[in-house]
Amino acid sequence: MLSDDGLRAARDIAGKAGSIEVSLEFPTGEVRTHLADAPSLIQGTPSLAEVASSIRNGRLNVPDFLMKRLREGCGEFLVSPELPETGRFHGRIRELDLMNAWFMTEGASVLSVKGIAGIGKTTLLTRAAHDWMKTSHVFWRGVREYDTAWSLVQDMSVFISSAGGSNLSKAMGQHRVDMNALSYILTNDIPGMKIVFILDDLQNANEDTLGVVRLLCNSAMRANGLKIAAASRKYVKLADKSKSLDGEHLEITLDGLDSESAMLLLPAGIKPHSDESRDLIKKTSGHPLLLKNAHLGLSADGQLSKYVREEIFSGLSKEEREALEALSLARAPVERDQLVRLLGLQ
């Protein structure tokens, strides 16, 4: 906890940060910005205090800053600050064994984890990554709708150079990526480095970003030491099907938890191994997020509301949505003819 003097100093820095200009030195070039905006431009979004205390003569070497930040508590290998902490983990023993076997197998380069929202993709990858970080650098990145090829390669470049490898700046122009140069660097300039690139929420990637991801997959299949793992709500083609048959590409589709593991996620008030608990697990198919919120309602967890909106409602036609909205007002089953009249379809 900050002392009174420390708190006053922090407030003073925050107040002045909007008017102080600094230079951020990336592998791809220098960026001039205000101190207040600097943390948002740096991978991992460090605190304003971290950035301010590391600036010397108005400049910050971002790779050196990240190397120091990443190495704290990580020993020999670097880990992205974005890697989530491991929380409660239940079940998925078979999937975890498959993923760890994939990680340990030379020549196995690409891993795809697919499943609907809330099924546990991020939790599973996080659990596996905390095992992998003991013997490999781990780059973790959540993919966003507004990402571009350039923004993804920029973060990869900072991480690789912080880990002591060749940076990717030679493949980067003014907000564009030279894919041929990037392929050459990944395949020839950093082989031997043990890095696993983990991309979460790959369903958000546009074609521009997917081009980099697929190139990374192809490079990993040719360069010893590189691996890529990705999680997505839908199928995203990362490699030819023949690669799956050859063992280079492992594909895992997540279903609900097994009954015993699902019992550990039951809401308070439901007795494990009771008829009520078995019925609930059957109705939710062991879906972790649905189990967690079964007795809480949509308003209790924004994730559940988001799940229904993105995974169910978005897939309905306009007519189906209108029908569902109309039925939500009814307290009893509605006959089809009544629904037709209600919607004005006759």
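This text follows the structure it describes.
Residues numbered from 1 in each chain as written. Predicted model: local features only at pLDDT ≥ 70, side-chain atom pairs only at ≥ 80, totals over all residues. Heavy atoms only, no water.

**Student:** Now, about the pairing of strand 7 (residues 226–232): what can you tell me, with residues and values included?
**Tutor:** Taking burial as the measure, the 7 residues of strand 7 include 7 buried ones, the bulk of the element. Residues Leu226, Ile228, Ala230 and Ser232 of strand 7 are buried on one face, and the alternating residues Lys227, Ala229 and Ala231, pointing to the opposite face, are buried as well. Summarising the sheet, strand 6 (residues 195–200) and strand 7 pair through 5 bridges and their orientation is parallel. By the bridge assignment for strand 7, Ile198 is matched with Ala229. Regarding topology, helix 8 (residues 207–222) serves as the crossover connection from strand 6 to the parallel strand 7, and that connection is right-handed. (Buried < 20%, exposed > 50% of the residue type's maximum accessible area, 1.4 Å probe, protein only. Helix = DSSP H or I, 4+ residues; strand = E, 2+ residues; numbered from the N terminus. Pairing = 2+ DSSP bridges. Right-handed = clockwise from strand over helix to strand, strands pointing away.)

**Student:** Break down the environment of Gly29 for me, citing the residues and quoting the values.
**Tutor:** The topology assignment puts Gly29 in strand 2 (residues 29–34). Along the backbone, Gly29 and Gln174 are 145 residues apart, and their C-alpha atoms lie at a distance of 9.7 Å.

**Student:** So what's going on with the side chain of Ser219? Residues and values would help.
**Tutor:** Relative to the helices and strands, Ser219 is located in helix 8. Given the relative accessible area of 0%, Ser219 is considered buried. Discounting residues that sit within four places of it in the chain, Ser219 has contacts with Ser183, Leu186 and Thr187. (Contact = heavy atoms within 4.5 Å.)

**Student:** Can you tell me about the packing of aromatic side chains, naming the residues and giving the values?
**Tutor:** Both the distance between ring centres and the angle between the ring planes are used here to describe each pair of aromatic rings. Summed over all chains, the structure comprises 4 aromatic pairs. Here the aromatic rings of Trp102 and Trp132 are separated by 5.6 Å at their centres, their planes lie at 55°, and the arrangement is tilted. Note that Trp102 is positioned in helix 4 (residues 93–104) and Trp132 in helix 5 (residues 121–132), a separation of 30 residues in sequence. On the basis of relative accessible area, Trp132 is assigned to the buried category, the value being 1%. Between Phe103 and Trp132 the ring centres are 5.1 Å apart and the planes differ by 10°, which places this aromatic pair in the stacked class. On the criterion of sequence distance, the pair formed by Phe103 in helix 4 and Trp132 in helix 5 is long-range, its members being 29 residues apart. What makes Phe103 buried here is its relative accessible area of 8%. Among the aromatic residues, those joined into a ring-pair cluster are Trp102, Phe103 and Trp132. Lying over the aromatic face of Phe89, Arg127 brings its terminal NZ or CZ to 5.9 Å of the ring centre. One Lys or Arg, Lys227, reaches over the ring of Trp102 and ends 5.0 Å from the middle of that ring. (Phe/Tyr/Trp six-rings, centres within 6.5 Å; stacked < 30°, edge-to-face > 60°. Lys NZ or Arg CZ within 6 Å of the ring centre and 35° of its normal.)

Spatial relationships are all this shows, so hold off on functional conclusions.
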